[in-house]
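Chain residues, written in single-letter form:
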Amino acid sequence: MILILFGPPGAGKGTQSNLICDHLGFTHVSTGDLLRAAITDKSELGKEAQDFMNRGMLVPDEIVVRMVEEKLKLMDGSSIVFDGFPRTVPQALSLESIFEKLDLHLGGAVFLEVPNHLIIRRLAGRRQTPDGKYVYHIEFNPPKKVGICDVTGVELIQRTDDHEDVISARLEAYSKSTAPLKEFYKSRNCLKEVSGEGSAEEVFYEVSQAISFFKNLGKKNRHA
Ligand code: AP5
């Protein structure tokens, strides 16, 4: 099943995607992680994306869509959770064309709802390993030793786009370009809205309920 997880920056998409992968055997595709890896690798794509990301703006649709299509061609398409893609209605339409070309189908889209005041606290307090693999929060999920990853022992960093001036630009980009996806997936009859306000485990319980709903719906549709 292919699942889309979307919502405002800091809603907990990465945290929930990791839980979905660990507990339900999905593979995580995060366009944010892919773009940051391209920047670290100093690839052409990374060079094109870096300035947009540093300013909290969305990377142009054609760059991201090309990157996702290349990634999908290398996967078997069985259990994927998309985190942070699509992020605009044109990206959602492109994803539908890619699915058609590769004979893939969308299982459902889950929207994580979190109020702005909590988003700002979550983003400003996030700390992570430089590769983004282990993510902490100074208040909600602190490491045992301040500033050090419990698992790898490396020094934690703050993402450059988690500074307050960039956070407001990201929130603006979200309201203008990503929030309309809620109506888009509602019109496709495949939207579930989940509150992202509880603890990560509480939110995961609701997200897994939504996934079970989509799985059952898929079974019913196949037998209809
Ligand atoms: P991306 O990396 O996707 O960033 P984002 O969408 O802004 O989301 P975040 O990764 O910041 O937050 P999250 O929702 O994953 O929250 P997390 O789980 O980490 O994109 C970065 C940039 O790349 C974009 O600005 C854009 O420039 C570009 N980009 C990416 N995709 C693109 C696309 N498709 N098109 C165009 N441009 C694109 O949680 C946040 C913090 O809260 C953590 O510290 C965590 O520990 C804590 N936390 C999480 N859940 C809870 C909870 N339930 N309770 C308490 N704390 C929690």
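Trainee: How should the packing of helix α2 (residues 31–40) against helix α4 (residues 61–73) be read in this particular structure?
Mentor: Two measures define how a pair of helices packs: the angle their axes make with one another and the distance between the axes. It is the contact of α2 with α4, at a shortest axis distance of 11 Å, that shows an interaxial angle of 100 degrees. When the axis of α2 is compared with that of α4, the two are roughly perpendicular. Where α2 abuts α4, its residues Thr-31, Leu-34 and Leu-35 lie against Val-64, Met-67, Val-68 and Lys-71. Here the contact of α2 with α4 is composed, by residue class, of 5 nonpolar, 1 polar and 1 charged.

Trainee: Help me understand the site of the ligand in this model?
Mentor: Around the ligand sit 33 residues in total, of which Thr-15, Met-57, Arg-87, Arg-126 and Arg-170 are the nearest. Met-57 is positioned such that a nitrogen or oxygen atom in its backbone is 2.6 Å from an oxygen atom of the ligand. Within the complex, the protein chains bury 94% of what would otherwise be the 1,000 Å² of accessible surface of the ligand. Among the elements of the structure, α1 (13–24), α2, α6 (116–124) and β6 (135–137) are those that each provide at least two residues to the shell around the ligand. By residue number, the principal contributor to the shell around the ligand is α2, which donates 4 residues. Of the residues assigned to the shell around the ligand, the class counts are 14 nonpolar, 11 polar and 8 charged.

Trainee: Quick question: what am I supposed to make of the sheet that holds strand β3 (residues 80–83) here?
Mentor: Taken in spatial order, the 5 strands make up an open sheet running β2-β3-β1-β4-β7, and their pairing is parallel. On the outer flanks of this sheet lie β2 (27–30) and β7 (191–195), each paired with one strand and no other. Taken over all neighbouring pairs, the strand axes of this sheet differ in orientation by 25 degrees on average, direction set aside. Summarising the sheet, strand β4 (residues 106–113) and β7 pair through 5 bridges and their orientation is parallel. For Leu-112, the partnering residue across the bridge sits in β7 and is Val-194.

About the thresholds
- Residues numbered from 1 in each chain as written.
- Predicted model: local features only at pLDDT ≥ 70, side-chain atom pairs only at ≥ 80, totals over all residues.
- Heavy atoms only, no water.
- Axes fitted to C-alpha atoms, helices over the stretch in contact; angles between N-to-C directions.
- Helix = DSSP H or I, 4+ residues; strand = E, 2+ residues; numbered from the N terminus.
- Parallel < 35°, antiparallel > 145°, perpendicular 65-115°, else oblique.
- Contact = heavy atoms within 4.5 Å.
- Nonpolar A, V, L, I, M, F, W, Y, C, P; charged D, E, K, R; others polar.
- Near = heavy atom within 4 Å.
- Polar contact = N/O pair within 3.5 Å; in protein donor to acceptor, adjacent residues only side chain to side chain.
- Areas by Shrake-Rupley, 256 points an atom, 1.4 Å probe, with all protein chains shown as cover.
- Pairing = 2+ DSSP bridges.

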